[in-house]
Amino acid sequence: MTTQDATTRAAALLAEHRQSIDRLDAILVYTLGERFKHTQAVGRLKAEHDLPASDPAREATQIARLEDLAQQADLDPEFAKKFLNFVIAEVIRHHEAHQS
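Here's what I pulled together on the structure shown here. (Residues numbered from 1 in each chain as written. Predicted model: local features only at pLDDT ≥ 70, side-chain atom pairs only at ≥ 80, totals over all residues. Heavy atoms only, no water.)

### Focus on the environment of Ala97
Here is step 1: Mapped onto the secondary structure, Ala97 falls in helix α3 (residues 77–99).
Here is step 2: A sequence separation of 61 residues divides Ala97 from Phe36, and the C-alpha atoms of the two residues are 14 Å apart. (Helix = DSSP H or I, 4+ residues; strand = E, 2+ residues; numbered from the N terminus.)

### Considering helix α1 (residues 3–48)
Here is step 1: Taking 1.5 Å per residue as the helical rise, α1 with its 46 residues ought to reach 68 Å, and the 67 Å between its terminal C-alpha atoms agrees with that figure.
Here is step 2: Buried residues along α1 sit against α3.
Here is step 3: Asp50 sits one or two residues past α1 and shows a positive phi near 55°. (Expected span 1.5 Å × (residues − 1). Contact = heavy atoms within 4.5 Å.)

### Some remarks on a nonpolar patch on the surface
Here is step 1: Nonpolar side chains collect at one region of the surface, where Leu75, Phe79 and Phe83 lie side by side and expose about 280 Å² of accessible area between them.
Here is step 2: Relative to the helices and strands, Phe83 resides in helix α3. (Patch = residues over 30% accessible without salt bridge, like charges linked within 9 Å, V, L, I, M, F, W, Y side chains within 5 Å. Areas by Shrake-Rupley, 256 points an atom, 1.4 Å probe, with all protein chains shown as cover. Salt bridge = Lys/Arg side-chain N within 4 Å of Asp/Glu carboxyl O.)

### Quick notes on the side chain of Glu59
Here is step 1: For Glu59, the position within the fold is in helix α2 (residues 56–72).
Here is step 2: Apart from residues no more than four positions distant in its own chain, Glu59 is found in contact with Ser54, Ile88 and Ile92.

### Quick notes on the pattern of salt bridges
Here is step 1: Scanning all chains against the criterion turns up two salt bridges.
Here is step 2: The closest approach of N and O atoms between Glu34 and Lys37, which form a salt bridge, is 3.7 Å. Within this pair, Glu34 and its partner Lys37 are both found in helix α1, separated by three residues, close to a single helical turn.
Here is step 3: Since its relative accessible area comes to 54%, Lys37 is described here as exposed. (Buried < 20%, exposed > 50% of the residue type's maximum accessible area, 1.4 Å probe, protein only.)

### Some words on the nonpolar core
Here is step 1: Formed by Ala53, Ile63, Leu84, Ile88 and Ile92, the largest nonpolar core amounts to five residues.
Here is step 2: Among the elements that line this core, the one with the most residues is α3, at three residues. (Core = buried A, V, L, I, M, F, W, Y, C linked by side-chain atoms within 4.5 Å.)

### Observations concerning unusual backbone geometry
Comment: phi is negative for the bulk of residues other than glycine, and the bulk of peptide bonds are trans.
Here is step 1: Look at Asp50: it is not a glycine, yet its phi comes out positive at around 55°.
Here is step 2: For Asp50, the location among the structural elements is in the loop between α1 and α2.
Here is step 3: Residue classification places Asp50 among the exposed positions, given a relative accessible area of 70%.
Here is step 4: Even without being glycine, Asp74 reaches a positive phi, approximately 60°.
Here is step 5: Checked against the element boundaries, Asp74 lands in the loop between α2 and α3.

This is the structure:
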């Protein structure tokens, strides 16, 4: 195989990886959108029934669950935990906005 052929093949593989990444990014965005629809409904319910915006016990359970899933998916559990903490903080912010 010539250098030109190897470079052309590498460029094709790179394009394939990038297409996969773009599809996965779209899946992540739509999945987060769907998740936030549900958490916003939870926020409205909490506000209607004067429940606290955050639920530390549930959050701890979810973080542990996500860490286990991350290990199964060969994803750094610490990254997964940081990601979920970021999402939870945004959800709580939405819940607090419903209560004001």
